[in-house]
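Residue-level listing of the chains:
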Amino acid sequence: MAFKGQIVIDTEHCKGCGVCVEACPMKCIEISKNVNSKGYNYTHTVNDKCIGCASCAIVCPDGVISVYKVKC
Amino acid sequence: MAKELKLMKGNEAIARAMIASGTDGYFGYPITPQSEVMETLMAEKPWETTGMVVLQAESELASINMVYGGAATGKKVATSSSSPGISLMQEGLTYLAGAEIPCVIMNAMRGGPGLGTIQPAQSDYFQSVKGGGHGDYQLYTIAPSSVQEMYDFVFDAWDIAFKYRNPVLILTDGAIGQCMEKCYTRDFIPRWTEEERRQHAPWGTWGKPANRSHNIITSLELESSRQEVFNQKLQAKYREMEEKEVRFEALNCEDADYIFVAYGTSARICMKSMELARAKGLKVGLLRLITLYPFPKKQIAELAKKVKGMLCVEMSAGQMIEDVKLAANCSIPIEHYGRFGGIIPSPEEVLEAMEKEIVK
Amino acid sequence: MANLDIVKPENLVYTKTKVLTDNVMHYCPGCGHGTAHRIIAEVIDEMGIQDKTIGVSPVGCSVLAYNYFDVDFQEAAHGRAPAVATAIKRLNPDCFVFTYQGDGDLAAIGTAETIHAANRGENITMVFINNGIYGMTGGQMAPTTLVGMKSATTPYGRRVDLNGYPLRITELLATLPGTYYVTRQSVHTPANVRKAKAAIRKAFENQKLQKGLSFVEICSSCNSGWKMTPVQANKWMEENMFPNYPLGDIKVDGKLCENITADRLVLDHPLTVVNK
């Protein structure tokens, strides 16, 4: 059974540490060239390969990632 | 236990009063001359009767921090020690004062500095009332001069501690801790119920229900402007204590030409010296200080207008005298007489000092 | 490039627990403290014990932990959290009490309180964050700093002849009869976070058994103190910290694990000289 997922990043509270980028098995996340109001280069999704595994959210030190998932 | 008259040591009175006053916990570490406090508690096994917790800690550092933890949950938690142990506790005391945690600490003073001696002394006055730890804080400091007062002041201490959310220090010495006297015990006050605890300590860390925000016990405030406001609040509380909670006993002061100023064991000696003086025709009175903080400034200022001189008697090199002189604005002769290193002065030598230094 | 149609409440599988407040954590980007906080909060949430949990924070980077956990919390003096927690638990035996301490707090200034709380078998949970450095004060040597590791007070690397050995307090505590559960975990990968969370869950559940202290070390990185990026720091931790601080359970249900030999516990003291 396959899953399709989507993450929502609270970019304003993201500190751009990049730990989620390393953790993502589907290489969906990258660090943005843009910064938030604190000056951090926040992370964002760059493709639609997310499977909703939540690895990114689980390692996120600041708890800024929410994960949505459906069967497909 | 019902009200009765018993013969007991001062240290034992502290322990029995803790049980009778509904104390929830005692955390201590043995040190002479007050080890009988914990020994009495352990022998009484209050955990089987009132449910009071008693634990021997690994150090005074641990015991005062156990007080900090236990008392922060809004329960009545106490400890006791003697001078070197109280020095170790200063860190905990400033945290307790800074986090505004009610608790009771007893110091049975012994001679110092350093390991000093196990004999009685009164040389921790500065440490007690000037803030032995860091920061601008005050402990409500009350000095019993009898076994009965050792017992009674534990009850009073809980009232003050919770009324002001402030640590209370019962400042006594090895002589009162070790001497045996008759003492009227009181009817037991039951330990607070869960509802009473929450009512007396809505600020406590007793588990966050859904209908309130989490309670935080801390003395940390990194924002200087807020830390200043907090300090102002503390100072306002101390001013209120100074206004409302001063306690003293004035003996034969109405017609006195000269007065002794003393507390605790020294006050007991001075009572006899006063009798000897009166027998010789000298109009001598005694101002016995009961609270050392708040200090009876007004009463001393008033007396300074009426008497010709004061002799401060203290088992130290002269600490309390500084506050007496400030209160009297040095308007009359005020001298110190003290023995230290564990020596208790005799009534005769105290009277001789009065005659030589003040009456002249 | 997003599956935005999926973003519906019914499809939500993971979000920050409500046992954490909305306050933005002050920790450096990539710091393990945030992850450790989150898994503790998730355990409290999943066990339904928010109204019965009392936390104790240390002095160090996590001094302000009370701002992030939505449970009653007390901030202890440096190193004294085990003593504070001892009394909280003794006076409130129905509550779940945990301390959260760093290596300087727990293994240097508070060593006596740590060992004696463990030896008394206090029914509390202690969470120990070991990053081998004093983070808050600016990266000085900790008791757990590795041999050869540079810090603000060992600028040429820690020397055994000068500074002694890295202290493996977790192994030391496992030898005490008062500890019921002793484990070392990390939170730098999703798999490790899951294991660490299971360990935290066990450490909290154990409080119901009243059989002694549960101790969870989380070996963590301090990328600011180590002067690396967060991702580099996690790799450096795997290569250098883990040989000195091996991950896994040491003592479970009051018994040393089978693989924990005397050598592993006491003698096998890898003195990896690191050149950072």
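Keep in mind that this is a model prediction, so the values were computed, not measured. Within every chain, residues take consecutive numbers counted from 1 along the sequence as written. As a convention, the first chain written is A and the first ligand written is 1, with the rest following in written order. The predicted origin of the model limits local features to residues at a pLDDT of at least 70 and limits the giving and counting of side-chain atom pairs to 80 or more, whereas totals for whole chains, interfaces and linings rest on all residues. Note that water and hydrogens are dropped before the side-chain values are worked out from all heavy atoms of the structure.

Novice: Give a description of the overall build of chain B that names residues and reports values.
Specialist: Numbering of helices and strands starts at the N terminus; helices are DSSP runs of H or I of at least 4 residues and strands are runs of E of at least 2. Scanning chain B for helices and strands turns up 13 helices and 15 strands. Per-residue burial over chain B gives 61% buried out of 360 residues. In this description, contact between two residues means that some pair of their heavy atoms is separated by no more than 4.5 Å. Considering only contacts in chain B between residues 6 or more positions apart, those separated by 24 or more positions represent 79%. As used throughout, the charge tally considers Lys and Arg to be positive and Asp and Glu to be negative, leaving His and the chain termini uncounted. Lys charges are placed at NZ, Arg charges at CZ, Asp charges at CG and Glu charges at CD. Chain B carries 39 positive and 45 negative side-chain charges, and their two centres are separated by 3 Å. Accessibility here uses a 1.4 Å probe with only protein chains present; expressed as a share of the type maximum, an area under 20% marks a residue as buried, one over 50% as exposed, and anything in between as partly exposed.

Novice: Any chance you could break down the environment of asparagine 107 of chain B for me, citing the residues and the numbers?
Specialist: Looking at the secondary structure, you find asparagine 107 of chain B in strand β5 (residues 103–109). Setting aside chain neighbours within four positions, we find asparagine 107 of chain B in contact with Ser81, Ser82, Ser83, Ile86, Asp124, Gln127, Leu169, Ile170, Leu171, Thr172 and Asp173 of chain B.

Novice: Describe unusual backbone geometry, and please don't skip the residues or the numbers.
Specialist: All names here are of chain B. With an omega of -5 degrees, the peptide bond between glycine 112 and proline 113 qualifies as cis. Residue position: proline 113 is located in the loop between β5 and α5 (125–129). Note the cis peptide between tyrosine 293 and proline 294, where omega equals 0 degrees. Locating proline 294 in the fold gives a position in the loop between β13 (291–293) and α11 (297–306). A positive phi angle is found at glutamate 100, which is not glycine, with a value near 55 degrees. Structurally, the position occupied by glutamate 100 is in the loop between α4 (83–98) and β5. The phi torsion at asparagine 252 lies on the positive side, around 55 degrees, for a residue other than glycine. In this structure, asparagine 252 sits in the loop between β10 (248–251) and β11 (258–262).

Novice: Lay out the pairing of strand β2 (residues 53–57) of chain C in plain terms, naming residues and giving numbers.
Specialist: Residues and elements named next belong to chain C. Summarising burial for β2: 5 of the 5 residues are buried, a large majority. Side-chain alternation along β2 places Thr53, Gly55 and Ser57 on one buried face and Ile54 and Val56 on a second face that is also buried. Any two strands with at least two DSSP bridges between them are considered paired. Pairing between β2 and strand β4 (residues 96–102): 4 bridges, direction parallel. Among the inter-strand pairings, valine 56 is bridged to a residue of β4, identified as threonine 99. Inspection of the sheet shows β2 paired to strand β3 (residues 72–75) by 4 bridges, in the parallel sense.

Novice: Can you break down the packing of helix α1 (residues 10–20) of chain B against helix α2 (residues 36–44) of chain B residue by residue, with the values?
Specialist: Residue and element names in this part refer to chain B. Note on geometry: axes are C-alpha line fits, over the in-contact stretch for helices, and angles between N-to-C directions span 0 to 180 degrees. One can describe the packing of α1 onto α2 by two numbers: an axis separation of 7 Å at closest approach and a directional angle of 45 degrees. Considering their axes alone, α1 and α2 lie oblique with respect to each other. Read as a crossing pair, α1 and α2 show a hand that is right-handed. Note on element contacts: α2 touches α1 through Glu36, Val37, Thr40, Leu41 and Glu44, opposite Asn11, Glu12, Ile14, Ala15, Arg16, Met18 and Ile19. Oblique is the label for every angle not falling under 35 degrees (roughly parallel), over 145 degrees (roughly antiparallel), or within 65 to 115 degrees (roughly perpendicular). By the definition used in this description, the sense in which the near helix is turned from the far one sets the handedness, with an anticlockwise turn below a right angle giving left-handed and a clockwise turn giving right-handed.

Novice: Pulling in residues and values, what's your account of helix α9 (residues 230–244) of chain C?
Specialist: Residue and element names in this part refer to chain C. End to end, α9 covers 20 Å across 15 residues, agreeing with the expected 21 Å (1.5 Å per residue, within 8%). In this scheme, the bend at a residue equals the angle between the axes fitted to the seven residues that finish there and the seven that begin there. Considering bend angle alone, the principal kink of α9 is centred on methionine 237 and spans about 40 degrees. Looking at α9, one finds that the buried residues are Pro230, Val231, Ala233, Asn234, Trp236, Met237, Asn240, Met241, Phe242 and Asn244. Each residue after the first adds 1.5 Å to the expected span of a helix.

Novice: With reference to specific residues and values, describe the interface of chain C and chain A.
Specialist: For an interface, size is often stated in terms of accessible area lost upon the parts coming together. With 33 residues of chain C at the interface, the matching set in chain A holds 34 residues. Using a 1.4 Å probe, buried area is obtained as the accessible area two parts lose upon being combined, added over both of them. Regarding the contact of chain C and chain A, the summed buried area is about 2,700 Å², with carbon and sulfur atoms giving 62% of it. What makes a salt bridge here is a side-chain nitrogen of Lys or Arg within 4 Å of a carboxyl oxygen of Asp or Glu, nothing more. Viewed at the interface, chain A and chain C are joined by 1 salt bridge. Close ionic contact of glutamate 22 of chain A with lysine 235 of chain C constitutes a salt bridge, the shortest N to O distance being 3.6 Å. Elements with a contribution of two residues or more to the side of chain C that touches chain A: β1 (12–14), α1 (32–47), α7 (190–209) and α9 of chain C. It is α9 of chain C that provides the largest number of residues to the side of chain C that touches chain A, a total of 4 residues. Of the residues that constitute the side of chain C that touches chain A, the class distribution is 18 nonpolar, 10 polar and 5 charged. Where strand β4 (residues 65–71) of chain A lies against β1 of chain C, 2 bridges are found, and the strand directions are antiparallel. Directly across from tyrosine 68 of chain A, in β1 of chain C, lies its bridge partner leucine 12 of chain C. Residues are grouped as follows: Ala, Val, Leu, Ile, Met, Phe, Trp, Tyr, Cys and Pro are nonpolar; Asp, Glu, Lys and Arg are charged; all remaining types, including Gly, are polar.

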